[in-house]
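Fold and contact review
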Amino acid sequence: APTCAAAGSKSRHCTRCDEVTDVTPIDKLTTHNYVNGVCSVCADIFKTTVDGVTYQVMTETGADGKPVGKLVTVSGNEIPQVAVAVTGTGDDSAVSDGKVTVPSEITGSGSEQTFVVTKIAEDAFSDASVTEIVIPATVTEVGTGAFGTASTITFNGSTAPSGIAGAITETVTTVNVPEGAADSY
């Protein structure tokens with residue numbers, strides 16, 4: 001049978017002499033069997049693009065040396081969930097109106113799981129003409145230059161994400177934070 005890692009084939013086998021005839025190749029699958037954001041067959045890392053923004057499962061190395069999805073516990077939710085990071089936009093025209101509202105959770109095609117957005121990766125929005133970015137309270141970490149050329153950043157979390165000082169560049173003219181959270185930022 002084909003998998004996402006290897007092609008398969010269909011054929012006829014003689015039960016008496018083991019002769020094989022009518023061999024028909026079957027292309028390898030284009031879908032993966034994701035378990036906690038990592039394919040259990042080929043170790044592909046789940047990645048999806050929603051509204052021009054790319055999200056990818058954050059991984060750690062398991063006891064067997066293979067990647068596993070990074071589990072996080074979101075404030076107010078005692079159930080560990082797999083985390084994703086905003087990794088980029090792909091190209092300059094990916095975000096059409098210049099505003100990006102990062103969701104707190106992502107469910108992508110090919111996966112029945114919901115992933116919590118907890119990180120904005122380094123230079124995530126550097127390849128897009130983004131003017132305004134809204135960050136959910138679930139984001140706890142931002143990378144250097146994460147906001148690209150955005151001029152307005154709105155945080156919804158009452159605690160500043162780690163790395164915020166390196167993420168905000170000279171192009172940012174307005175930073176909005178929840179009422180009473182200014183000291184954290």
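Right, let's walk through the structure included here. Keep in mind that this is a model prediction, so the values were computed, not measured.

Below, the discussion takes up the layout of surface pockets. By volume, the largest pocket amounts to about 260 Å³. Considering only residue class, the lining of the largest pocket consists of 6 nonpolar, 8 polar and no charged. In this structure, the second largest pocket encloses a volume near 150 Å³. Among the elements of the structure, strand 4 (38–39) and strand 8 (67–69) are those that each provide at least two residues to the lining of the second largest pocket. At 3 residues, strand 8 tops the list of elements feeding residues into the lining of the second largest pocket.

With that settled, the discussion passes to the packing of aromatic side chains. One pass over the structure, following the stated rule, counts 4 aromatic pairs. With centroids separated by 5.2 Å and ring planes inclined at 85°, the aromatic side chains of Tyr34 and Phe46 adopt a geometry described as edge-to-face. A residue pair is termed long-range when its members are at least 10 positions apart, and Tyr34 in strand 3 (residues 34–35) and Phe46 in the loop between strand 4 and strand 5 (47–50) qualify at 12 residues. When the ring of Phe147 is compared with that of Phe155, the centres are 6.0 Å apart and the planes differ by 75°; the resulting orientation is edge-to-face. Comparing Phe147 with Phe155, the two get one shared label, buried. Chaining the aromatic ring pairs together yields one cluster made of Tyr34, Phe46 and Phe115.

For a regular strand, side-chain orientation follows a simple rule: the groups alternate between the two sheet faces. One ladder, built from 4 bridges, connects strand 5 with strand 6 (residues 53–57); its direction is antiparallel. Its bridge partner lying in strand 6, Lys47 is registered against Gln56. Between the antiparallel neighbours strand 5 and strand 6 lie 2 residues, among them Asp51 with a positive phi of about 50°.

Tallying each qualifying case throughout the model produces 3 salt bridges. For Arg12, the salt bridge identified is with Asp22, shortest N-O distance 3.1 Å. Residue Arg12 is located in strand 1 (residues 8–13), and its partner Asp22 is located in strand 2 (residues 20–26); the two are separated by 10 residues in the primary sequence. Glu141 is paired through a salt bridge with Lys119; the nearest N and O atoms lie 3.7 Å apart. Note that Glu141 is positioned in strand 15 (residues 141–142) and Lys119 in strand 13 (residues 115–120), a separation of 22 residues in sequence. With relative accessibility at 30%, the residue Glu141 sits in the partly exposed group.

Most of strand 13 is tucked away: 5 of the 6 residues are buried. Note: strand 10 (residues 81–88) against strand 13, 4 bridges, orientation parallel. Residue Ala85 lies in a different strand from strand 13, and its bridge partner there is Lys119. Two elements, strand 12 (residues 105–106) and strand 13, share 2 bridges in a ladder whose sense is antiparallel. Along strand 13, the bridge assignment pairs Glu105 with Val116.

Parameters at a glance
- Residues numbered from 1 in each chain as written.
- Predicted model: local features only at pLDDT ≥ 70, side-chain atom pairs only at ≥ 80, totals over all residues.
- Heavy atoms only, no water.
- 1 Å grid on protein atoms, 1.4 Å probe; cavity = no way out; pocket = protein on both sides within 12 Å on 5 of 7 lines; lining within 4 Å.
- Points joined across faces, edges and corners; volume = space filled by probe spheres on them.
- Nonpolar A, V, L, I, M, F, W, Y, C, P; charged D, E, K, R; others polar.
- Helix = DSSP H or I, 4+ residues; strand = E, 2+ residues; numbered from the N terminus.
- Phe/Tyr/Trp six-rings, centres within 6.5 Å; stacked < 30°, edge-to-face > 60°.
- Buried < 20%, exposed > 50% of the residue type's maximum accessible area, 1.4 Å probe, protein only.
- Pairing = 2+ DSSP bridges.
- Salt bridge = Lys/Arg side-chain N within 4 Å of Asp/Glu carboxyl O.

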